[in-house]
Amino acid sequence: MTAHDVIVVGGGPGGSTAAWRLARAGLRVLVLDAAVFPRVKICAGWVTAEALRDLEITAEKYPLTIKPFDACVIEFDGGRHETAWRGPASYGIIRREFDHYLLERAAATGADVRWGIRVTGVEAGPESVAVLTGRGRFEAPIVIGAGGHHCPVAKALGDVSEREEVVAALLGIRVGSHYLMVRISNAGEKWSNCSPGRLIIERTMAALHKDGVRKFDFSVVNYAYKRRFGVAHIQLVDILAALSWRGWPYVLRDRAARELRRHPRLAAYARRMLGRPPRRDEN
Ligand SMILES: Cc1cc2nc3c(=O)[nH]c(=O)nc-3n(C[C@H](O)[C@H](O)[C@H](O)COP(=O)(O)OP(=O)(O)OC[C@H]3O[C@@H](n4cnc5c(N)ncnc54)[C@H](O)[C@@H]3O)c2cc1C
């Protein structure tokens, strides 16, 4: 018999909540996380009211930083648009605090939470799954992969593949017949060659066009799939500045990429040197 019923790899909100629920149901749960909590997690820190409800957290009783958000004012192209909700649509939290709080809650419910332990491998056997770490091998009949973007469980036991669905979302602002694209988000690195960005823009444009939108603005953020879209060029204000020496490699890479874009033949040569496939317009 194994010492744990379930091993959860990753103690972010996904892992800690799974562990909390399973421990509450009486299962012996082990949570392993590479980081030492409280840890920094880069995030805008917005949590919706629905997410809080799912987590069974009441804003008024949450003991750490939490700020409700119930109105949004956007000034765009000379117009002003205000959206106000009857109650808080979202809350601002600090992930360092929030994630630690959720993980401590799981531990208080009986989950065996161990941080500072990096999972280096996962091996599925007929009866159980072995989780390999620098501090030994752990086994349980069930392993939950909650290691975020580079989850070792997903890597070992199957990532998003060509046979699975791409999950993508396009966030934008619509004012009358005008649509401003703000941000795109998609899962599944192996799909990058088929450009989910372009696919979701096409689908969104078709749906919005049916609904009366006639002007689409893609000027926020300079991505390759937007340039390949054949849109009319407008001058972008695209500023990347280093706040410390650590940022300089990114700034220099950005400047080099911009310079290359002005010289298509040199850009094609650089892509070949880096072993990247040629862009469609280079063929
Ligand atoms: C810039 C940015 C802004 C965002 N803003 C928002 C927002 O405003 N609102 C929102 O809802 N979402 C936002 N998100 C998305 C949000 O951060 C993620 O959806 C969320 O963190 C996913 O939670 P998770 O528990 O699945 O994974 P994570 O929070 O990523 O946690 C994964 C955990 O697994 C651990 N781990 C990873 N690899 C290993 C390993 N090998 N061994 C052991 N442990 C490991 C990590 O240390 C980490 O603690 C943002 C994301 C980014 C990048």
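Criteria and thresholds
- Residue positions are given per chain, counting from 1 as you read along its sequence in written order.
- Restriction of local features to residues with pLDDT of at least 70 applies here, the model being predicted, together with a cutoff of 80 or more for giving and counting side-chain atom pairs; totals for whole chains, interfaces and linings are based on all residues.
- With hydrogens and water set aside, each side-chain value is computed from the structure's full complement of heavy atoms.
- Secondary structure elements follow DSSP: runs of H or I no shorter than four residues count as helices, runs of E no shorter than two count as strands, and numbering proceeds from the N terminus.
- With a 1.4 Å probe rolled over the protein chains alone, any residue whose accessible area is under 20% of its type maximum counts as buried; one over 50% counts as exposed, and the rest are partly exposed.
- The contact rule is simple, with two residues in contact once any of their heavy atoms fall within 4.5 Å.
- Per-residue and other accessible areas were derived by the Shrake-Rupley procedure at a 1.4 Å probe size, with only the shown protein chains allowed to occlude residues.
- Here is how to tell: hold the view so the strands point away, follow the path from the first strand over the helix to the second, and if it runs clockwise the crossover is right-handed.
- For two strands to be treated as a pair, DSSP must find at least two bridges joining them.
- Residues adjacent in sequence count toward polar contacts only when both atoms are side-chain atoms; beyond that, a polar contact is any pair of N or O atoms within 3.5 Å, and within protein one must be able to donate a hydrogen and the other to accept it.
- Every angle, taken between N-to-C directions, lies between 0 and 180 degrees, and every axis is a line fitted to C-alpha atoms, over only the stretch in contact when it is a helix.

**Student:** Any chance you could break down the overall build of the protein for me, citing the residues and the numbers?
**Tutor:** Check the secondary structure of the protein and you find eight helices and 15 strands. A buried classification covers 29% of the 283 residues belonging to the protein. Relative to all contacts within the protein whose residues are 6 or more apart in sequence, the contacts with residues 24 or more apart total 59%. With the model as given, the accessible surface of the protein reaches about 18,600 Å², and the carbon-plus-sulfur share is 54%.

**Student:** Pulling in residues and values, what's your account of the pairing of strand β1 (residues 6-9)?
**Tutor:** Residues V6 and V8 line one face of β1 and the alternating positions I7 and V9 line the opposite face, and both faces are buried. Once the chain exits β1 it traverses helix α1 (residues 13-24) before rejoining the sheet at strand β2 (residues 29-33), and the crossover so formed is right-handed. Examined bridge by bridge, β1 and strand β12 (residues 142-145) share four bridges and lie parallel to one another. In the strand pairing of β12, V8 is matched with I144.

**Student:** Could you give an account of the side chain of T133, naming the residues involved and the relevant values?
**Tutor:** Tracing the backbone through its elements, the reader meets T133 in strand β10 (residues 129-133). Overall, T133 belongs to the buried group, its relative accessible area being 11%. Among the polar contacts listed, one links the side chain of T133 to the backbone nitrogen of R135, at a separation of 2.9 Å. With near-sequence residues (within four places) excluded, T133 lies in contact with L32, I117, R118, V119, T120 and F138.

**Student:** Could you give an account of the sheet that holds β2, naming the residues involved and the relevant values?
**Tutor:** A sheet is described by the order of its strands in space; here four strands give the open sequence β8-β2-β1-β12, paired in parallel fashion. One side of each edge strand has no neighbouring strand; the edge strands of this open sheet are β8 (112-115) and β12. When strand polarity is set aside, the average angle formed by the axes of neighbouring strands in this sheet is 15°. Pairing between β2 and β8: four bridges, direction parallel. The residue of β8 that forms the bridge with L30 is D112. Along the sheet, α1 contacts β1, β2 and β12; its crossing angle with β2, the most-contacted strand, is approximately 165°.

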